[in-house]
Amino acid sequence: MSKIYDVIVLGAGPAGLAAGLYAGRSRLSVLIIEKGQDGGQIAITDEIENYPGQVEGDSGPSLIARMTEQAKHFGAERVSDLIKSVELEGDVKKLVGAKGEYLAKTVIVATGAFPKPIGCQNEGKFVGKGISFCATCDAAFFEDFEVYVVGGGDSAVEEAMYLTKFARKVTIIHRRDQLRAAKSIQEKAFKNEKIAFMWDTVVDSVEGEEMLEAMVVKNVKTGELTRIEADPDDGIFGLFGFIGYNPNSALFEGILDMDHGYIKTDDNMHTNIEGVYAAGDIRVKSLRQVVTAAADGAIAAMQAEHYLANKE
């Protein structure tokens, strides 16, 4: 018979890793299941400025590496698997993955969110061939090229500034006439001589043979279409999308209560099913940051511990 863990944590971003280390430190048996790399969205963030107590120059990957080691230190077991179905009712929960089945008395859902598509024609054809959603992953491919960034929030502007380390010019394309990013971030961007702005604009379509070679942008106020082509000497340009995220919650549709795909919880991370918690970007909340994700994970783990203690 499969081992029955005290806690299974689904997802190894900041919320999941915090949950794993807090549960492990409470002497609970813990299994963290992650289908990809640890870290979630923070793993593709180059610079972190607002995590309390950070080390100067800390990056997303370096912060996550330390979190991963902490969870391991406190005894959290790990498995890499893609969970395909769940049975969350009852005293023992079951998660069915591609590689096996996993049982636990409690489950903490920390599956996070994934980038929204840009929404232009032919987008899928050029993902990985000029279109990207991860500056730290792909910036080096565009050394001395021109790149465009779609979005106007904190992530879009921060990633645009990061891209200036590689690209010769970065143009931010925003559907409004002013940025939504924090004022401190905006000030840095406006001072950066390598950053230009294309206001009231969306990307309508993208073109090319093998790689991204041209795009058509649309002015949302006038309807005017403008074709932008890669510099003939380059033959390609980069297009990075940072317009928000979609919750990674399809697995729990019809099982957990949701609001626009985000899992509903109370302040203590309880979902509508006893012994099941949600933490981090996957849940309904007002602020999605590393610090709030880690806090969610810690709360969820301690609530699981209290739940198990009261069941004995």
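Residues numbered from 1 in each chain as written. Predicted model: local features only at pLDDT ≥ 70, side-chain atom pairs only at ≥ 80, totals over all residues. Heavy atoms only, no water.

**Observations concerning the pattern of salt bridges**
Part 1 of the reasoning: Evaluation of the coordinates by the stated rule reveals 15 salt bridges.
Part 2 of the reasoning: Residue Lys311 is joined to Asp91 by a salt bridge in which the shortest nitrogen-to-oxygen separation is 3.0 Å. Here Asp91 lies in the loop between strand S4 (83-87) and strand S5 (93-97) and Lys311 lies in helix H7 (residues 290-311), a separation of 220 residues in the sequence.
Part 3 of the reasoning: A relative accessible area of 44% means that Lys311 is categorised as partly exposed.
Part 4 of the reasoning: Between Lys221 and Asp177 there is a salt bridge, and its shortest N-O distance comes to 3.8 Å. With a gap of 44 residues between them, Lys221 in the loop between strand S13 (214-219) and strand S14 (225-229) and Asp177 in the loop between strand S10 (169-173) and helix H6 (183-191) connect regions that are remote in the sequence.
Part 5 of the reasoning: Residue Lys221 is classed as exposed on the basis of its relative accessible area, which comes to 59%. (Salt bridge = Lys/Arg side-chain N within 4 Å of Asp/Glu carboxyl O. Helix = DSSP H or I, 4+ residues; strand = E, 2+ residues; numbered from the N terminus. Buried < 20%, exposed > 50% of the residue type's maximum accessible area, 1.4 Å probe, protein only.)

**A word on the environment of Ala295**
Part 1 of the reasoning: Structurally, Ala295 can be placed in helix H7.
Part 2 of the reasoning: A residue is classified by how much of its surface remains accessible, and Ala295, at 37% relative accessible area, is partly exposed.
Part 3 of the reasoning: As for Ala295 and Pro52, which are separated by 243 residues in sequence, their C-alpha atoms are 12 Å apart.

**Some thoughts on the environment of Phe237**
Part 1 of the reasoning: In this structure, Phe237 sits in the loop between S14 and strand S15 (238-241).
Part 2 of the reasoning: A relative accessible area of 2% places Phe237 in the buried class.
Part 3 of the reasoning: If we ignore the near neighbours within four places in the chain, the residues touching Phe237 are Gly130, Phe142, Glu146, Tyr148, Leu212, Glu213, Ala214, Met215, Ile228, Glu229 and Ala230. (Contact = heavy atoms within 4.5 Å.)

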